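# Understanding the architecture of this molecule
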Amino acid sequence: MTKMRTNNPRIIETDAFPFEFISRLAARESWRKELHRPIYHIHKWWATRLGSVFRGILLGATLPEGCNFADEFYKTHKLIGLTVFDPFMGSGTTIGEAHKLGLTALGRDINPVAVESVQTALGTMDRTALQDAFEELSRGVGKKIRNLYRSKDSAGRTCDALYFFWVMQVPCVHCQKQVDLFPSWVIAGNAYPRRRPEVQILCPSCGEVFLGIHRQESAICPWCEFNFNPEKGTAKGAKATCLGCNGTFAVLDGVKSLDTRPAFRLYAKLVLRGDGGKEYLRATAEDHRAYRQCTALLKEESAKGALVLPSLRLADGYNTRQAMSYNFTSWRDFFNDRQLLGISWFFGAISDIPDAPTRRTLRTLLSGTLEFNNMFASYKGEGTGAVRHMFSHHILKPER
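Note on numbering: residues in each chain are counted from 1, in written sequence order. The predicted nature of this model means local features are confined to residues of pLDDT at least 70 and side-chain atom pairs, given and counted, to a pLDDT of 80 or more, with totals for whole chains, interfaces and linings taken over all residues. Excluding hydrogens and water, the side-chain figures rest on all heavy atoms present in the structure.

### Quick look at the state of the cysteines
What counts as a disulfide here is a pair of cysteine sulfur atoms lying within 2.5 Å. Tallying each qualifying case throughout the model produces zero disulfides. With no disulfide of its own, cysteine 224 lies closest to cysteine 203 among cysteine sulfurs, the gap being 3.6 Å. Cysteine 294 forms no disulfide, and the closest cysteine sulfur to it belongs to cysteine 159, at a distance of 16 Å.

### A short note on the packing of helix H10 (residues 285–303) against helix H12 (residues 337–351)
Packing of H10 against H12 brings their axes to within 8 Å, and their N-to-C directions diverge by 50 degrees. Taken together, H10 and H12 sit at an angle that is classed as oblique. Between H10 and H12 lies a crossing of left-handed hand. Of H12, the residues touching H10 (which contributes Tyr291, Cys294, Thr295, Leu297, Leu298 and Glu301) are Asp337, Arg338, Leu340, Leu341 and Trp345. Partitioning the contact of H10 with H12 into residue classes produces seven nonpolar, one polar and three charged. Fitted lines through C-alpha atoms serve as axes, helices being fitted only where they are in contact, and the angles separating the N-to-C directions of these axes extend from 0 to 180 degrees. Counting from the N terminus, the helices are DSSP H or I runs at least four residues long and the strands are E runs at least two residues long. Should an angle fall under 35 degrees it is called roughly parallel, over 145 degrees roughly antiparallel, and 65 to 115 degrees roughly perpendicular, with every other angle called oblique. Crossings are classed by handedness, with left-handed meaning an anticlockwise turn of the near helix from the far one by less than a right angle and right-handed meaning a clockwise turn. We call two residues in contact when some of their heavy atoms are within 4.5 Å. Residues were grouped as follows: Ala, Val, Leu, Ile, Met, Phe, Trp, Tyr, Cys and Pro as nonpolar; Asp, Glu, Lys and Arg as charged; and all remaining residues, including Gly, as polar.

### Examining a negative patch on the surface
Two joining distances apply to patches: 9 Å for like charges and 5 Å for nonpolar side chains (Val, Leu, Ile, Met, Phe, Trp, Tyr), and every residue must have over 30% relative accessible area and no salt bridge. Accessible surface area values rest on a Shrake-Rupley calculation with a 1.4 Å probe, where residue burial reflects the displayed protein chains alone. Definition used for salt bridges: Asp or Glu carboxyl oxygen within 4 Å of a side-chain nitrogen of Lys or Arg. Residues counted as positive are Lys and Arg, residues counted as negative are Asp and Glu, and His and the chain ends are not counted. Working definition for charges: the position is that of NZ of Lys, CZ of Arg, CG of Asp or CD of Glu. Judged by side-chain charge, Asp126, Asp132, Glu135, Glu136 and Asp355 come together as a negatively charged surface patch. Each residue's exposure class comes from its accessible area (1.4 Å probe, protein chains only) as a fraction of the maximum for that residue type: buried when under 20%, exposed when over 50%, partly exposed otherwise. The exposure class assigned to aspartate 132 is partly exposed, which follows from its relative accessible area of 43%.

### Considerations on the packing of helix H7 (residues 127–139) against helix H13 (residues 356–369)
One can describe the packing of H7 onto H13 by two numbers: an axis separation of 10 Å at closest approach and a directional angle of 60 degrees. The orientation of H7 relative to H13 falls into the category oblique. As H7 runs across H13, the sense of the crossing is right-handed. Within the contact between the two elements, H7 uses Ala129, Leu130, Ala133 and Leu137 and H13 uses Thr358, Thr361 and Leu362. Its residues assigned to classes, the contact of H7 with H13 shows five nonpolar, two polar and no charged.

Given below as structure tokens:
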């Protein structure tokens, strides 16, 4: 920041700086920061700082000792003639808060995602043009993408599939049979089991999905009458147990026998019926056929050059090494074929939008949704939001 030439100390240089006041504001903002200052959250960023904290710092560095800081915090300021530079701007909190105070704000970052998202958030944006473009996308490519996620309910009626469930597979090192890496056979539950103890259980024998109770240690499948413990799956920590030969082995030893990333098997789905009710069901032959059609279409359109697909390989690093140990070597490996097809269609349609600010905004938003649309996301259940994004544990270890 440009130093103010004055003999009066700034309030941030004194013991009067109101840490407690700012801390109380920050605590409230941090509870749902994306609602209080949404402009800094249009795209995923790590360690996004709180706007109230940075507004406090900037005001503390400009207001003189003896002022009523709490009153000044809520006033409109025009601090003309001062410049703030943030060389590690990230999501742009410093730049946005400085701009609101009338300061000249300069920011840069080594990460191009940060630059693009801040340019989008703080740049020109026409609300009407943005809404019109989104509605056009929804009518066009949106309809194509939604058709990729159609299925049938238990009565055979066509409906929307809310989620498809996949499980990672690795070959048993003893008998080479594919082993599903289920930590348990409970595939869905509620975030508040004391209030909603019902869970969805997958039968390891016939593959049907049925209703059970949280933490029950014995279940009998109503379809095939197989008796098993839903809490004990085939994978625990670094080890897996093969249901074919009953042999135990290290999961990464199974991965090492592969030339590519592990396969994933589609085994269940959550559908939204026409009457508004939801059902957990096993994946049918028709569901598998629909996915194979996506694979064929992806291959066909890719060969024609009609799709933009990830092409970069992972570089060795602390976090990427976790993914690479499972043979995820390129960013394309992070997605299945249906996801790649839908995302590529969407990207292509956005690229055709003639208005540059609208195109950039929608492209940034699409990029931001990828953290929930990949093979590293996992199903959280019902009650607090169904999907954990790929960075929920701050690592890049694949979900099984």
